[in-house]
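Here's the letter readout for the chains.
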Amino acid sequence: IKTSVIIPAAGQGTRMNAPINKQYLTLRGKPILSYTLDVFERCSLIDEIILVINKNEFKICRQQVLAPHNYSKIKLVEGGSTRQKSVYEGLKKVSPQTDIVLVHDGARPLIKEDIIVQSIYETIQHKATIVAVPAKNTIKVVEKDGFVEYTPNRDFLFEIQTPQTFTYDLLLDAHEKAIQEEVEGTDDAFLVERMCVPVKIVRGHYNNIKITTPEDLIIAESLIDLFSGEH
Ligand code: CTP
Ligand code: MG
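Keep in mind that this is a model prediction, so the values were computed, not measured. (Residues numbered from 1 in each chain as written. Chains lettered and ligands numbered in written order. Predicted model: local features only at pLDDT ≥ 70, side-chain atom pairs only at ≥ 80, totals over all residues. Heavy atoms only, no water.)

**Details of the overall build of the protein**
Looking only at helices and strands, the protein features seven helices and 11 strands. Relative to the 2.2 N^0.38 estimate, which gives 17 Å for 231 residues, the radius of gyration of the protein is 18 Å and therefore close to what a compact globule would have. C-alpha extents for the protein along the principal axes are approximately 50 × 40 × 35 Å. In the protein, which comprises 231 residues, the proportion classed as buried is 48%. Sequence separation of at least 24 residues holds for 73% of the intrachain contacts in the protein that already meet a minimum separation of 6. If you sum the accessible surface of the protein, you get close to 12100 Å²; carbon and sulfur atoms cover 51% of it. Put simply, the protein has 27 plus and 31 minus side-chain charges, and the middle of one group is 3 Å from the middle of the other. (Helix = DSSP H or I, 4+ residues; strand = E, 2+ residues; numbered from the N terminus. Rg over C-alpha atoms; globule rule 2.2 N^0.38 Å. Buried < 20%, exposed > 50% of the residue type's maximum accessible area, 1.4 Å probe, protein only. Contact = heavy atoms within 4.5 Å. Areas by Shrake-Rupley, 256 points an atom, 1.4 Å probe, with all protein chains shown as cover. Lys, Arg positive; Asp, Glu negative; His and termini not counted. Charge placed at Lys NZ, Arg CZ, Asp CG, Glu CD.)

Shown next as C-alpha cells:
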C-alpha cells in the first residue's frame, strides 16, 4: 500500500495577525511547519509528502524549513486561493501509485505518529476517516441577529481535526464533484460526505491544536515543553 500526505500550508494566516504566514513563525526556535513535516518524514508508513505552499513563499520555505533539515519525501507544489483549492492542487501531484491520501494542516504541528498510523489502518478498512475529539464546550447555533436558535446535544458533537484520510480515488472524485457543482467546504470530509460515503471518526488528542490566533503560540510552546520532558 502506497501512502501520500498532502500538507496545505498556502494560507495567509489572517487571524494570526503576524507579518509573515503563521507557518513560518517559530516555536522554541523552530518553524511551525518544520514540526509538522518532521512527524510525517519520520513515519515509516508515509511514502510521500506533498507540501502545498503559497507562490510567494518558495524562498522562505526553502531557506527556513527545507534547508536546515534532511527531508527525503517532500515534493513542493503551489497552492490556491482557498484551502480546498490548495488540497486539489496537491492531489493532482500525488504519485500515480498512491492508494491512500492523508490531508493534514501545516498549522497542526503537534500531531502524533500513533494517530497517523491509526488513521491509515482505519482507512484501509473504512475508506474515509477523520480525526476528532468530543466537544468540550456547549455549542449553540446562533442566528445572524445574535439570538440563539437551538442547542444541539453535546453527546453528538465532535471537534474535527486533521489528518483526514481517504482512498485516493474517493478523495479525487469528491473534489472533482465539488468543483463541478461549485461547492466549497472548510474540510475534505465534507466533500466526501456529499457523495453519501460514510466517514469514520478516529479518536484524536486535544493537544493536536491548529495554530490560528496568537494565544495558540503560547499554548503550543507549553505543550512542546511538556512533551520534551516526557522522554
Ligand atoms: N491553507 C492553504 N491554502 C489556502 C488557505 C489555507 O493551504 N488558500 C492551509 C493553511 O496554510 C493552514 C490550513 O490550510 O495550514 C488550515 O487553514 P487555516 O488555519 O484557516 O489557515 P489560514 O487560512 O492561513 O488562516 P486564516 O484563515 O486565519 O487566514
Ligand atoms: Mg483559513
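Next comes the rest of the account.
**So, the site of ligand 1**
Near ligand 1 you find 19 residues, and of these Gly13, Thr14, Gln23, Ser86 and Lys210 are the closest. Residue Pro8 places a main-chain N or O atom 2.9 Å away from an oxygen atom belonging to ligand 1. The contact in question runs from an oxygen atom of ligand 1 to an N or O atom on the backbone of Gly13, over 2.7 Å. Coverage of ligand 1 by the protein chains reaches 88% of its 560 Å² of free accessible surface. Of all the elements in the fold, those that place two or more residues in the shell around ligand 1 are strand 1 (3-9) and helix 3 (83-93). (Near = heavy atom within 4 Å. Polar contact = N/O pair within 3.5 Å; in protein donor to acceptor, adjacent residues only side chain to side chain.)

**What about the environment of Lys22?**
For Lys22, the location among the structural elements is in the loop between strand 1 and strand 2 (26-27). Classification of Lys22 as buried rests on a relative accessible area of 11%. If near-sequence neighbours (up to four positions away) are discounted, Lys22 is found in contact with Gly13, Met16, Ile32, Ala107, Ile211 and Thr212.

**Remarks on the environment of Ala178**
As for its placement among the helices and strands, Ala178 is situated in helix 5 (residues 168-180). Ala178 has contacts with Gln84, Val183, Leu191 and Arg194, leaving out every residue within four places of it along the chain.

**Topic: the pattern of salt bridges**
Taken as a whole and assessed by the stated rule, the structure comprises 11 salt bridges. Asp105 is the salt-bridge partner of Arg83, the closest N and O atoms lying 3.0 Å from each other. Of this pair, Arg83 sits in helix 3 while Asp105 sits in the loop between strand 6 (100-103) and helix 4 (113-126); the two residues are 22 residues apart in sequence, bridging distant segments of the chain. The exposure class of Asp105 is buried, given its relative accessible area of 9%. Lys200 is paired through a salt bridge with Glu122; the nearest N and O atoms lie 3.3 Å apart. (Salt bridge = Lys/Arg side-chain N within 4 Å of Asp/Glu carboxyl O.)

**Observations concerning the side chain of Ser86**
You can see Ser86 is positioned in helix 3. The exposure class assigned to Ser86 is buried, which follows from its relative accessible area of 3%. Aside from chain neighbours lying at most four places away, what touches Ser86 is Pro8, Ala10, Val52, Gly79 and Gly80.

**With respect to the packing of helix 1 (residues 32-42) against helix 2 (residues 58-66)**
Two elements in contact, helix 1 and helix 2, have axes separated by 9 Å at closest approach and are oriented at 65 degrees. By the angle between their axes, helix 1 is roughly perpendicular relative to helix 2. For the pair helix 1 and helix 2, the sense of crossing is right-handed. Contacts from Leu33, Ser34 and Leu37 of helix 1 reach helix 2 at Gln64, Val65 and Leu66. Within the contact of helix 1 with helix 2, the residues separate by chemical class into four nonpolar, two polar and no charged. (Axes fitted to C-alpha atoms, helices over the stretch in contact; angles between N-to-C directions. Parallel < 35°, antiparallel > 145°, perpendicular 65-115°, else oblique. Left-handed = near helix turned anticlockwise from the far one by under 90°. Nonpolar A, V, L, I, M, F, W, Y, C, P; charged D, E, K, R; others polar.)

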